[in-house]
Amino acid sequence: MIAVLGLVIGVVIGLLVAPDVPEWAQPYLPIAVVAALDAVFGALRAFLDGIFDDKVFVVSFVSNVLIAALIVYLGDQLGVGSQLSTGVVVVLGIRIFTNMAAIRRHVFRA
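Quick notes on the rules
Residues numbered from 1 in each chain as written. Predicted model: local features only at pLDDT ≥ 70, side-chain atom pairs only at ≥ 80, totals over all residues. Heavy atoms only, no water. Patch = residues over 30% accessible without salt bridge, like charges linked within 9 Å, V, L, I, M, F, W, Y side chains within 5 Å. Areas by Shrake-Rupley, 256 points an atom, 1.4 Å probe, with all protein chains shown as cover. Salt bridge = Lys/Arg side-chain N within 4 Å of Asp/Glu carboxyl O. Helix = DSSP H or I, 4+ residues; strand = E, 2+ residues; numbered from the N terminus. Core = buried A, V, L, I, M, F, W, Y, C linked by side-chain atoms within 4.5 Å. Buried < 20%, exposed > 50% of the residue type's maximum accessible area, 1.4 Å probe, protein only. Contact = heavy atoms within 4.5 Å. Phe/Tyr/Trp six-rings, centres within 6.5 Å; stacked < 30°, edge-to-face > 60°. UniProt positions renumbered as here; feature names shortened; annotations may be inferred.

A surface patch of nonpolar side chains, about 760 Å² in accessible area, is lined by Val 4, Leu 5, Val 8, Ile 9, Val 12, Ile 13, Leu 16 and Val 17. With respect to the secondary-structure elements, Leu 16 resides in helix α1 (residues 2–17).

Set out below in structure tokens:
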């Protein structure tokens, strides 16, 4: 319940304040969001499977975001940022859809 309350408060504050994303962070934000969604859906799947661990979730969340941003940064430095960004989104997208399929099977027993 505390997590849901924190999420709601965070969304309301974000909508009211409408923060600007610094220009240097703009290429990394979409990748970080996709990486964070991957960690969240993985945590939901683990919760439904009865193996959720909050420490694993926090480490997974932070490491997913940092590694994805690092890959995009490395791609920018090598001059192939868009290709590596696409690769990260594809890999994380596959993981998200795999986790969603497992969640759907667990919830609907199908």
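Now that the structure has been shown, we can carry on.
What follows covers the nonpolar core. Tyr 28, Ile 31, Ala 32, Val 34, Ala 35, Ala 36, Val 65, Ala 68, Val 72, Val 88, Leu 92 and Ile 96 form the largest nonpolar core, which has twelve residues in total. Elements represented by at least two residues in this core include exactly α2 (29–49), α3 (54–78) and α4 (81–108). Apart from residues no more than four positions distant in its own chain, Ala 35 is found in contact with Asn 64, Val 65, Ala 68 and Leu 92.

Under the definition given, this model contains two aromatic pairs. Between Phe 57 and Phe 61, the aromatic rings sit 5.8 Å apart at their centres with planes inclined by 50°, giving tilted as the arrangement. One end of the pair is Phe 57 and the other is Phe 61, both in helix α3 and four residues apart, which spans about a single turn. In this structure an aromatic cluster arises from ring pairing among Phe 52, Phe 57 and Phe 61.

This paragraph deals with the UniProt feature "transmembrane region" (unreviewed entry) in the protein. In the UniProt entry, the feature "transmembrane region" (unreviewed entry) is given for residues 29–48, 55–74 and 80–98. For the annotated span residues 29–48, helix accounts for 100% and strand for 0% of the residues, and the straight-line distance between the end C-alpha atoms is 29 Å.

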